[in-house]
Amino acid sequence: MTTDELREALLFDRKNGYARITPAQRAEMETYCKGYMAFIDACKTEREATAWAVAEAEKRGFQPFVPGMDAKPGDKIYYNNRGKAIILAVIGQESLGKGVNICAAHVDSPRMDLKPNPLYEDSEIAYFKTHYYGGIKKYQWPTVALALHGVVYRKDGTVVTVTIGEDESDPILVVSDLLIHLSADQMKKPLAEGIVGEQLNVILGTEPLEGEGADMVKLHIMKLLNEKYGMIESDFLSAELTIVPAGKCREVGLDRSLLGAYGHDDRVCAYAELDALFAIENPAKTAVCILADKEEIGSVGISGMQSQAFEHFMQNLCDAQNVKLCDCFANSFCLSADVSNAFDPNFAETCDRRNNSMLNYGVSICKYTGSRGKGGASDASAEAMGHIRTTFENAGVIWQIATLGKVDQGGGGTVAAYMANRNIVTVDAGVPVLCMHAPMELVSKLDCYETMLACKAIYLA
Ligand code: MN
Ligand code: MN
């Protein structure tokens, strides 16, 4: 053998996806990404993503699953977990006891939630006080266009949906930063302290109502909210209102190869899962698509992946086929579909280049996440990695390897550990992202498309 032949036969050749994707796939990729852009514009919170999934699923014949219902091959069902998370399934030909193929993404993203008593006035400016949700670099959030999204459970028991800042005719909201001219002290602080949590106060208005009394700007804002949404100040206590970046997903770069938007993590994988699920009919094994909440704060709570809501749904499904849930789990496979960090040459020193995912190299498979010696990671086995690799290869999916930064640089987690705790073989894989958790995150169109193909391959495995 020549050395070239040896190299070809023996070495792991990493190639840019654009060298491998077919012209037909490129066209399909553009169509797919248009659909994704519309999805991410419409879905900036877990509630919006869940509502979108319900509406699109029902258009395609999915029905809400009620305990006692049949689960026959070809049936399409979903379970709406209190409007904040959703599980969808296409029932397979084989018994649920043989296991199911799961793709699990999350639809919550880092943001700034309103405090329970958020509205106040200081120096004749009205503000919302916020408490950030998930991991953010606080200095990134002042002086960017922000929007208010959420729901308010009013005193009379009715619920109203709030969205301000997305329509072109809407006002936007902003957090202020200090002018450079007076920043001598601020600029000497570490980045983590330049803007602190209690400074993430959102400007709401400055015009006082006519008349005498304290806090006339605040009263004006409350009056406007009352006129539009019928709410009173105490209703903030029974609300979920959140501040997210305003605006739509845009193509990025002169070649338009990237997409810039808030909340790719992890709605880019959520959309991949959904699009793939909607395309399959009569799979051999039951295909299960999970869009979870609360991943960004540890998968906790009733709508997070540690919740028994998943068991509740799967148990009822297994009951319909007289199958034991523990057998179903033991024979199942889960793709924990979550984003990875794309290699950024601006910050090359934070990563191990040989083991980091790259933009345009396809869906990135992550054997372990965690931090400080894999702490908290699921750490997939050789067999699990072999299964996913073979599945992707056989389906022609362009894939790559991911690790979350160099050793001891930091870390993170996904839902993988909580799925594996259920005795389900689980591997992480997803879309590489630049500037993850920033108000604008970047992903490559090619990687988005390949992740959809990866989800489809898992459903059909
Ligand atoms: Mn994520
Ligand atoms: Mn995240």
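Residues numbered from 1 in each chain as written. Chains lettered and ligands numbered in written order. Predicted model: local features only at pLDDT ≥ 70, side-chain atom pairs only at ≥ 80, totals over all residues. Heavy atoms only, no water.

**Student:** Can you tell me about the overall build of the chain, naming the residues and giving the values?
**Tutor:** The helix and strand tally for the chain stands at eleven helices and 23 strands. Computed over its C-alpha atoms, the radius of gyration of the chain comes to 23 Å, within 12% of the 23 Å expected for a compact globule of 461 residues. Taken over the C-alpha atoms alone, the chain extends approximately 85 × 60 × 40 Å along its principal axes. Classification of the 461 residues of the chain by burial places 52% in the buried group. Taking the intrachain contacts of the chain between residues at least 6 apart in sequence as the baseline, contacts between residues at least 24 apart amount to 76%. Accessible area of the chain: about 21100 Å², with a carbon and sulfur share of 53%. Computing the positive centroid from 44 side-chain charges and the negative centroid from 61, the chain places the two 3 Å apart. (Helix = DSSP H or I, 4+ residues; strand = E, 2+ residues; numbered from the N terminus. Rg over C-alpha atoms; globule rule 2.2 N^0.38 Å. Buried < 20%, exposed > 50% of the residue type's maximum accessible area, 1.4 Å probe, protein only. Contact = heavy atoms within 4.5 Å. Areas by Shrake-Rupley, 256 points an atom, 1.4 Å probe, with all protein chains shown as cover. Lys, Arg positive; Asp, Glu negative; His and termini not counted. Charge placed at Lys NZ, Arg CZ, Asp CG, Glu CD.)

**Student:** Outline the sheet that holds strand β16 (residues 340-341), listing residues and values.
**Tutor:** The strand order across the open sheet built from five strands is β12-β13-β23-β22-β16, with neighbouring strands paired in mixed fashion. Of all strands in the sheet, those with a lone pairing partner are β12 (250-252) and β16, marking the two edges. Two elements, β12 and strand β13 (residues 258-261), share three bridges in a ladder whose sense is antiparallel. Residue pairing in the sheet places Arg250 in a bridge with Gly260 of β13. Relative to the sheet, helix α2 (residues 23-42) contacts β12 and β13, its axis offset from that of β13 by approximately 5 degrees. (Pairing = 2+ DSSP bridges. Axes fitted to C-alpha atoms, helices over the stretch in contact; angles between N-to-C directions.)

**Student:** Can you tell me about the coordination of the manganese ion (ligand 1), naming the residues and giving the values?
**Tutor:** The coordination sphere of the manganese ion (ligand 1), as far as protein atoms go, consists of His106 (NE2), Asp265 (OD), Asp338 (OD) and Asp338 (OD), spread over 2.1 to 2.5 Å. One chain supplies every donor for the manganese ion (ligand 1), spaced along it as H-x158-D-x72-D. Separating the manganese ion (ligand 1) from the manganese ion (ligand 2) is a distance of 3.4 Å, and Asp265 supplies a donor atom to each of them. Of this pair, Asp265 sits in helix α6 (residues 264-278) while Asp338 is found in the loop between β15 (333-337) and β16, placing the two residues 73 residues apart along the sequence. By the burial criterion, Asp265 is buried, and Asp338 matches it. (Donors = N, O, S within 2.8 Å, 3.2 Å for Na, K, Ca; no water.)

**Student:** Describe in detail the coordination of the manganese ion (ligand 2), supporting the description with residues and values.
**Tutor:** Distances from the manganese ion (ligand 2) to its protein donors, Asp265 (OD), Glu296 (OE), Glu296 (OE) and His437 (NE2), fall at 2.0 to 2.6 Å. Residue Glu296 is classed as buried on the basis of its relative accessible area of 14%.

**Student:** Please provide a residue-by-residue account of the pattern of salt bridges, values included.
**Tutor:** All chains considered together, the criterion is met by 23 salt bridges. In this structure, the salt-bridge partner of Asp293 is Lys84, at a minimum N-O distance of 3.8 Å. You can see Asp293 sitting in the loop between β14 (286-292) and α7 (309-320) and its partner Lys84 sitting in the loop between β2 (76-81) and β3 (85-90), a full 209 residues away along the chain. Taking the relative accessible area as the measure of exposure, Asp293 reaches 0% and is therefore buried. Between Asp293 and Lys294 there is a salt bridge, with the nearest N and O atoms lying 3.2 Å from each other. (Salt bridge = Lys/Arg side-chain N within 4 Å of Asp/Glu carboxyl O.)

**Student:** Go over helix α9 (residues 382-395), please, and point to the residues and values.
**Tutor:** Compared with an ideal rise of 1.5 Å per residue, which puts 14 residues at 20 Å, α9 spans 20 Å between its outermost C-alpha atoms and is within 8% of the ideal. Listed in full, the buried residues belonging to α9 are Ala384, Met385, Ile388, Thr391 and Phe392. Each buried residue of α9 sits inside an arc of 130 degrees when the element is viewed along its axis, so together they form one side. The outward face of α9, more than 90 degrees from its buried face, is lined by the exposed residues Ala382, Glu383, Arg389 and Asn394. In the core, the buried residues of α9 are packed alongside β15, β17 (363-366), β19 (399-402), β21 (425-430) and α11 (445-459). Positive backbone phi, approximately 75 degrees, marks Gly396, located one or two places after α9. (Expected span 1.5 Å × (residues − 1). Arc of directions from axis to C-beta.)

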